[in-house]
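Working through the structure, step by step
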Amino acid sequence: MVIEVVVLTGAGISAESGLATFRGDDGLWENHRVEDVATPEAFVRDPELVQRFYNQRRQQLLNPEIAPNPAHVALAELQRAKPGKVFIVTQNIDDLHERAGAEVRHMHGELLNIRCMACVQIQRTSHDVDETTQCSYCGVQGQMRPDIVWFGEMPYFMGEIEHALAQAEQFVAIGTSGLVYPAAGFVAQAKDYGARCVEINLEPTAVSSIFDQGYYGAASEEVPRWVETLL
Ligand code: NAD
Ligand code: ZN
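Criteria and cut-off values
Residues numbered from 1 in each chain as written. Chains lettered and ligands numbered in written order. Predicted model: local features only at pLDDT ≥ 70, side-chain atom pairs only at ≥ 80, totals over all residues. Heavy atoms only, no water. Near = heavy atom within 4 Å. Polar contact = N/O pair within 3.5 Å; in protein donor to acceptor, adjacent residues only side chain to side chain. Areas by Shrake-Rupley, 256 points an atom, 1.4 Å probe, with all protein chains shown as cover. Helix = DSSP H or I, 4+ residues; strand = E, 2+ residues; numbered from the N terminus. Buried < 20%, exposed > 50% of the residue type's maximum accessible area, 1.4 Å probe, protein only. Contact = heavy atoms within 4.5 Å. 1 Å grid on protein atoms, 1.4 Å probe; cavity = no way out; pocket = protein on both sides within 12 Å on 5 of 7 lines; lining within 4 Å. Points joined across faces, edges and corners; volume = space filled by probe spheres on them. Nonpolar A, V, L, I, M, F, W, Y, C, P; charged D, E, K, R; others polar. Donors = N, O, S within 2.8 Å, 3.2 Å for Na, K, Ca; no water.

**Remarks on the site of ligand 1**
The environment of ligand 1 is formed by 25 residues, the closest being Phe 22, Gln 91, His 108, Thr 176 and Asn 201. Here an oxygen atom of ligand 1 sits 2.5 Å away from a polar atom, N or O, in the main chain of Gln 91. At 3.2 Å, a backbone N or O of Leu 202 approaches a nitrogen atom of ligand 1. Across the complex, the protein chains shield 91% of the 860 Å² of accessible surface that ligand 1 would expose by itself.

Below you can see the structure in the form of structure tokens.
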């Protein structure tokens with residue numbers, strides 16, 4: 001099956017669902033500096049702060065008020081309408097794409113997964129994690145970390161993403177600032193491979209000029225509009 005469309009999503013697609021984005025200019029995420037909560041160095045320095053930050057993000061995600069919005073739903077519909085032809089990769093660590101019914105690759109990991117640093121097994125959790133948490137595979141205590149790809153770590157699925165970008169006729173980037181690499185480089189790769197590139201965002205971004213077309217406005221309105229052009 002040849003992939004026709006590669007979709008890259010970022011924090012902006014979940015903003016209308018009530019999850020805060022990284023704020024562009026001041027670089028704060030839920031009042032924390034990214035370097036204090038989203039790097040391996042931060043975890044070594046202050047594991048409690050980092051675990052608390054992700055515990056809060058996890059409980060926020062599980063709040064019954066948080067739900068997929070029409071942008072997540074439209075992408076799931078597109079994927080259903082073109083079986084095997086729509087590859088969705090997200091930088092998001094929430095599970096709103098899945099809740100809308102889509103299958104996605106989480107290149108930066110998932111909030112609801114934790115990983116054992118002793119045996120490298122990943123397990124699903126909806127609970128808080130701390131230094132007393134035990135690995136359900138090897139039984140070791142105090143070695144569980146969020147299965148999140150922090151700055152300076154290697155994103156997941158890079159081979160598969162590259163392969164999809166090479167095939168795509170169309171590449172669309174939704175709600176992503178184009179500042180976090182390697183995801184920010186996907187548009188240039190897709191273009192080199194000959195894809196038509198579309199950006200959907202509240203406003204033009206640092207990389208807008210590379211795209212062939214832009215839809216500027218709220219993802220909940222612009223994504224369904226773009227999906228309609230493909231169906
Ligand atoms: P970012 O916060 O850097 O950029 C968000 C982009 O979304 C901005 O360009 C903004 O203009 C746009 N945006 C905001 N609201 C929008 C809306 N309603 N409709 C359309 N566009 C909208 O996010 P990023 O580029 O994804 O990079 C941030 C990193 O932060 C990622 O690596 C991700 O792992 C992490 N993060 C994830 C979540 C989540 O899982 N929901 C939330 C915050 C941060
Ligand atoms: Zn283990």
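**A look at the side chain of Asp 147**
Following the sequence through the fold, Asp 147 ends up in strand 8 (residues 144-148). Taking the relative accessible area as the measure of exposure, Asp 147 reaches 2% and is therefore buried. Ignoring sequence-local partners within four residues, the contact set of Asp 147 consists of His 108, Gly 109, Glu 110, Asn 113, Ile 114, Arg 115, Ile 122 and Tyr 156.

**Some points on the layout of surface pockets**
A water-sized probe rolled over the atoms picks out the places where empty space is left. Considered as a void within the structure, the second largest pocket measures approximately 190 Å³ in volume. Forming the walls of the second largest pocket are 13 residues, and the residues nearest its centre are Pro 47, Glu 48, Gln 51, Asp 130 and Glu 131. A class-by-class count of the residues in the lining of the second largest pocket yields five nonpolar, four polar and four charged.

**So, the coordination of the zinc ion (ligand 2)**
Distances from the zinc ion (ligand 2) to its protein donors, Cys 116 (SG), Cys 119 (SG), Cys 135 (SG) and Cys 138 (SG), fall at 2.3 Å. Counting along the primary sequence, the residues that act as donors to the zinc ion (ligand 2) give the motif C-x2-C-x15-C-x2-C. Of this pair, Cys 119 sits in the loop between strand 6 (109-116) and strand 7 (122-124) while Cys 135 sits in the loop between strand 7 and strand 8, placing them 16 residues apart in sequence. For Cys 119, a relative accessible area of 27% puts it in the partly exposed group.

**Remarks on the environment of Val 50**
Structurally, the position occupied by Val 50 is in helix 4 (residues 47-62). The spatial distance from the C-alpha of Val 50 to the C-alpha of Asp 130 is 9.7 Å, given a sequence separation of 80 residues. Filtering out sequence-adjacent residues up to four positions away, Val 50 remains in contact with Asp 36, Val 37, Ala 42, Phe 43 and Trp 150.

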